[in-house]
Amino acid sequence: MENIRVQTDGIAKPGRGKRAVGTARDGISPEAEAARENPGAPGRRAALILGIETSCDETAAAVVGNGAEVLSNVIASQVGIHSVYGGVVPEIASRRHIETICSVADEAMLASGAAPGDLAGIAVTCGPGLEGALLVGVSFAKSLAFAWGLPLIGVNHIEGHICANFLTDGDLEGKRFLCLVVSGGHTHLVLAEKENSVSGPMRVRVLGRTRDDAAGEAFDKIARALGLGYPGGPAVERAAKDGDAAAFAFPKARVDGGIYDFSFSGLKSAVLNTINKIKTAGGEPPVSDLAASFQKAVVEALVEKTMAAAAETGAKEIALAGGVASNGALRAAMADVCEKRGLGFHVPPPVFCTDNAAMIASCGYFHYLEGRFSGPDLNAEPNLAL
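Below is a short write-up of the structure. Here the structure is a predicted model, which means the values were calculated and not measured. (Residues numbered from 1 in each chain as written. Predicted model: local features only at pLDDT ≥ 70, side-chain atom pairs only at ≥ 80, totals over all residues. Heavy atoms only, no water.)

Let us look at the overall build of the chain. Counting its regular elements, the chain contains twelve helices and eleven strands. Residues classed as buried in the chain amount to 53% of the 386 residues present. Long-range pairs, those at least 24 residues apart, make up 73% of the contacts in the chain between residues at least 6 apart in sequence. Carbon and sulfur atoms form 49% of the exposed surface of the chain, whose accessible area is close to 15,400 Å². (Helix = DSSP H or I, 4+ residues; strand = E, 2+ residues; numbered from the N terminus. Buried < 20%, exposed > 50% of the residue type's maximum accessible area, 1.4 Å probe, protein only. Contact = heavy atoms within 4.5 Å. Areas by Shrake-Rupley, 256 points an atom, 1.4 Å probe, with all protein chains shown as cover.)

For the structure on display, the rule yields eight aromatic pairs. Between Tyr368 and Phe373 the ring centres are 6.2 Å apart and the planes differ by 45 degrees, which places this aromatic pair in the tilted class. Since its relative accessible area comes to 5%, Tyr368 is described here as buried. A relative accessible area of 41% places Phe373 in the partly exposed class. Taken together, the aromatic side chains of Phe166, Phe177, Tyr365, Phe366, Tyr368 and Phe373 make up a single cluster linked through ring pairs. (Phe/Tyr/Trp six-rings, centres within 6.5 Å; stacked < 30°, edge-to-face > 60°.)

The sheet built from five strands is open, its strands ordered E9-E8-E7-E10-E11 with mixed pairing. This sheet does not close on itself; its edge strands, each paired only once, are strand E9 (202–209) and strand E11 (344–346). When strand polarity is set aside, the average angle formed by the axes of neighbouring strands in this sheet is 25 degrees. When strand E10 (residues 317–321) meets E11, the two strands line up parallel, connected through three bridges. (Pairing = 2+ DSSP bridges. Axes fitted to C-alpha atoms, helices over the stretch in contact; angles between N-to-C directions.)

Let us look at the side chain of Gln78. Among the structural elements, Gln78 can be located in the loop between strand E4 (69–77) and helix H2 (79–82). One polar contact links the side chain of Gln78 to the main-chain carbonyl oxygen of Ala93, over a distance of 3.4 Å. Those residues in contact with Gln78, other than ones at most four positions away along the chain, are Asp57, Thr59, Ile92, Ala93, Arg96 and His97. (Polar contact = N/O pair within 3.5 Å; in protein donor to acceptor, adjacent residues only side chain to side chain.)

Of all hydrophobic cores here, the largest spans 47 residues; its most connected members are Leu178, Phe264, Phe294, Leu330 and Met334. Secondary structure elements with two or more residues in this core: strand E7 (176–182), strand E8 (187–194), helix H6 (215–225), helix H7 (232–240), helix H8 (265–280), helix H9 (287–313), E10 and helix H10 (328–341). Leu330 has contacts with Val182, Val299, Leu302, Val303, Leu320, Val324 and Ala325, leaving out every residue within four places of it along the chain. Ranked by size, the runner-up nonpolar core spans 37 residues in total, among them Val64, Ile153, Val181 and Ile360. (Core = buried A, V, L, I, M, F, W, Y, C linked by side-chain atoms within 4.5 Å.)

Printed below as a string of structure tokens:
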């Protein structure tokens, strides 16, 4: 199948096609049953969660043990399909999810070496996201959970992004940390705490969020205006490497009544107005300089708000999550300021920043430990809040 990628770097897997944890009895392996009763026991084998993610234009499935051990991570991208339209077309995305979800889940199970009876539960993104796309994943996960006799776990997509940090970074275990979640549809500043390494739940408190455009959405719109194509984030970053970030002084919005809230619509409008003025005067917009100056303004706004929240809350650990966390300029700027202030800095590799099912399985595991299961009435919630 075209556009399917199977993540292998850093993935610990048993032999392909072999069962991961033991022989299933009555659909549930003895290891899974034991993990439910005492997940933190020394030497306990992993409680495996199958994650399903279809919130936007990535069809993804993954098997993760104990919220951190990635056994498989399969992603079918639709970028090539939507790039001709300059953005995601919801109806096309939904239809493509229907066409690929079975193959993607099959590949994830095969690559993990797990059998259905080895799983402890099935986690699925139920919101926020595109309603039709979410419905495909939710319906599929509900069917599998019923057929395999497993618990169903509905997961908030944003919380999943936060949990992506646990997939490759054990240093956050048991620590209170500030997480900046930046993606195409969301910009959140969250205070999070993950209790002890195996059995503890994760608690989150939203400190701020975007009032209008998310950071990734602004990247997409500016990329379109500059003729850089879709997806906008990587395109703007590539163009910015050859530009002068000081060429244009774009504004950073001040938000009334929400010290940690974000606003990118004013910045977006300023860039678009600059482009139009240059064209009206008969000039050719300097694409690289505009891209670099815009990117600088976004990064500075994100870093400044995060550092202000860290100072007030006393958080000593800073994490990034979401697709925009793949941006090299943001990663470098946040790492630099954290080093200067003596703060720990954490960010997942790019494959776990963009939409993926491993982060959903990780989050689902923490819900599983608390017995936070969903019923057969689980539905897609496109505007689900964190």
